[in-house]
Amino acid sequence: MIIEQRIKNFEKLGFGMFVHFGLYSVLGMGEWSQFARQIPWDEYLKTTDTFCPNENWAEELVLAAKDAGCRYITLTTRHHDGFSLYDTCGLNTYDAPHVCGRDLVKEFVDACNKHGIVPFFYHTLLDWHEESYKTDFKAYLQYLRKSVEIVCKNYGKIGGIWFDGMWDRPDDDWEEDALYGLIRSYQPDAMIINNTGLFQRGALGHIELDSVTFERGRPQPINLADSPKYIASEMCETLASHWGYTENDLHFKSLEHLIKTFAICRRYRSNFLLNVGPKADGSLRTIEKGALEVLGQWSRRNDEALHDPAPTGIEIAGKPEHFLLQNGNAYYLFVNDLNIGGFEHVATNTAKYTPDNIFTLDKRVKAACWLDSGEPLDFTQEGSRVNVQAKQYQYGEDHVVRIAKIEV
Ligand code: GLC
């Protein structure tokens, strides 16, 4: 099956940062707060008085993403509350230029381009604010397409458009041909993604869509048997429980969970899109910055295994959590839950562990080592039966998931 170049490029990006940022960031109660808490519009719109990000908000975000090892950022250019971070060029006055005198999407794209990060645009489909969404759906679709045309035309080359909210009116005709055709005409290399939400994870849709989504769910292999083209996949995940900044959300995921999730995404060649919700001034919470910093420590060390290598489907005997990726003459063995050897009085994860990683390979193994340190690993090979010895951590290290590089 032929894989289109934009889809190949997307899969190689591997790790992205999702950014939910908008008027709701002022309230600090999540991006659904207007709807979920039924905040009257005149009250909600008071956020426009104070929404004014720091001058360097975009560059700081981009640098945080880059340090974490991300290669792309997907920014909410317009979320369900209908407010646009971009200049709507007269479509309405409910946009960043009218509120803070700046085009925040331009600032974002400029910062991305400056630092070699690929910008993606999240764009809502459903709209709580735009009257026509409820009263005249055909007219709304025109408004939507004009909006999408603006973001496709005015910001140079982008990595893709990420739609969300079609699930709100599943039985209506969204005139997808026209919507996606528009994107193809202005941005032929852009990915088109349409989030299928929490209840339809991994579902295929319109033929122009280039990736399926696994919103907050572990990716799985997708069935492309009836699909005329190859389709990528992406899992998006929150750091705590909400996407937009939520002051009272303390439910942060562990770094162990995040590293393992990222690894599992790559097992299926899925991209991992990890969300942050900046505060109204555009800055991140300390815990978000810290999480990105630690993830960066892991992902930068293992960078070689996280972008180009593809799944092999080779099984590791008795270790279903372990898996092998391949890129040319290099294989990458992902090892979970290695323990710290020998020091019962100071280490808690000292459960019994067998270092064997036995699998079948019809090639001669020449060398094996830990990717993060270059430390050589013992291995044996009898015919096609390979056994790589993933030895325990020494006291003084624990990478959660460690990757062995195997050269053939
Ligand atoms: C859901 C939510 C939305 C969020 C999105 C991210 O669709 O409605 O708030 O932006 O998930 O995946």
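Residues numbered from 1 in each chain as written. Predicted model: local features only at pLDDT ≥ 70, side-chain atom pairs only at ≥ 80, totals over all residues. Heavy atoms only, no water.

**Examining helix 10 (residues 176-186)**
Move 1: Those residues of helix 10 that sit buried are Leu179, Tyr180, Leu182, Ile183 and Arg184.
Move 2: Where the residues of helix 10 are buried, they touch helix 1 (5-13), helix 9 (137-153), strand 4 (160-164) and strand 5 (191-195). (Buried < 20%, exposed > 50% of the residue type's maximum accessible area, 1.4 Å probe, protein only. Helix = DSSP H or I, 4+ residues; strand = E, 2+ residues; numbered from the N terminus. Contact = heavy atoms within 4.5 Å.)

**Some thoughts on the sheet that holds strand 14 (residues 379-382)**
Move 1: Strands sit in the order 12-15-14 across an open sheet of three strands; the sheet is antiparallel. Whereas interior strands pair on both sides, the edge strands pair on one side only; in this sheet they are strand 12 (358-360) and strand 14. Across the sheet, the mean angle separating the axes of adjacent strands is 20° when strand polarity is ignored.
Move 2: Where strand 14 lies against strand 15 (residues 385-388), four bridges are found, and the strand directions are antiparallel. Each bridged residue has a counterpart across the sheet, and for Glu382 the counterpart in strand 15 is Arg385. (Pairing = 2+ DSSP bridges. Axes fitted to C-alpha atoms, helices over the stretch in contact; angles between N-to-C directions.)

**Observations concerning the sheet that holds strand 16 (residues 401-407)**
Move 1: Reading across from one edge, 9-10-11-16-13 is the order of the five strands in this open sheet, with antiparallel pairing throughout. At either end of the open sheet lies a strand with only one pairing partner, and these are strand 9 (310-311) and strand 13 (367-370).
Move 2: Contacts between helix 11 (residues 255-267) and the sheet are confined to strand 9, strand 10 (323-327), strand 11 (330-336) and strand 16, with strand 10 contributing the most and set at about 60° to the helix.

**Side note on the packing of helix 9 against helix 10**
Move 1: Direction vectors running N to C along helix 9 and helix 10 enclose 15°, while the axes themselves pass 10 Å from each other. As far as their axial angle goes, helix 10 and helix 9 are roughly parallel. For the pair helix 9 and helix 10, the sense of crossing is right-handed. In this structure, helix 9 contributes Leu144, Arg145, Val148, Glu149, Cys152 and Lys153 to the contact, and helix 10 contributes Ala178, Leu179, Leu182, Ile183 and Tyr186.
Move 2: In terms of residue class, the contact of helix 9 with helix 10 is built from eight nonpolar, no polar and three charged. (Parallel < 35°, antiparallel > 145°, perpendicular 65-115°, else oblique. Left-handed = near helix turned anticlockwise from the far one by under 90°. Nonpolar A, V, L, I, M, F, W, Y, C, P; charged D, E, K, R; others polar.)

**Here's the deal with the pattern of salt bridges**
Move 1: Summed over the entire model, instances satisfying the criterion amount to 23 salt bridges.
Move 2: Notably, a salt bridge pairs Lys12 with Asp308, separated by 3.8 Å at the nearest N-O pair. Highlighted residues: Lys12 in helix 1 and Asp308 in the loop between helix 13 (303-306) and strand 9, separated in sequence by 296 residues.
Move 3: Classification of Lys12 as partly exposed rests on a relative accessible area of 39%.
Move 4: We classify Asp308 as partly exposed; its relative accessible area is 37%.
Move 5: The partner of Arg216 in a salt bridge is Glu237, and the shortest N-O contact between them spans 3.9 Å. Here Glu237 lies in strand 7 (residues 232-237) and Arg216 lies in the loop between strand 6 (211-215) and strand 7, a separation of 21 residues in the sequence.
Move 6: Given the relative accessible area of 29%, Arg216 is considered partly exposed.
Move 7: Shared partners join several salt bridges into a network, and the residues in it are Glu4, Arg6, Arg184, Glu208, Asp210 and Lys229. (Salt bridge = Lys/Arg side-chain N within 4 Å of Asp/Glu carboxyl O.)

**Examining the domain arrangement of the chain**
Move 1: As assigned here, the chain comprises domain 1 (5-301) and domain 2 (310-407).
Move 2: Placing a centre on the C-alpha atoms of domain 1 and another on those of domain 2 gives a separation of 36 Å.
Move 3: Contacts between domain 1 and domain 2 engage 10 residues on the former and 16 residues on the latter.
Move 4: Inspection of the domain 1/domain 2 interface yields zero salt bridges.
Move 5: Linking domain 1 to domain 2 there are four residue pairs in polar contact (both at pLDDT 80 or more).
Move 6: Within the residue set of the side of domain 1 that touches domain 2, elements represented by two or more residues are helix 11 and helix 12 (286-301).
Move 7: Sort the elements by how many residues they give to the side of domain 1 that touches domain 2 and helix 11 lands first, with six residues.
Move 8: Of the residues that constitute the side of domain 1 that touches domain 2, the class distribution is four nonpolar, no polar and six charged. (Domains from an automatic or database assignment. Polar contact = N/O pair within 3.5 Å; in protein donor to acceptor, adjacent residues only side chain to side chain.)

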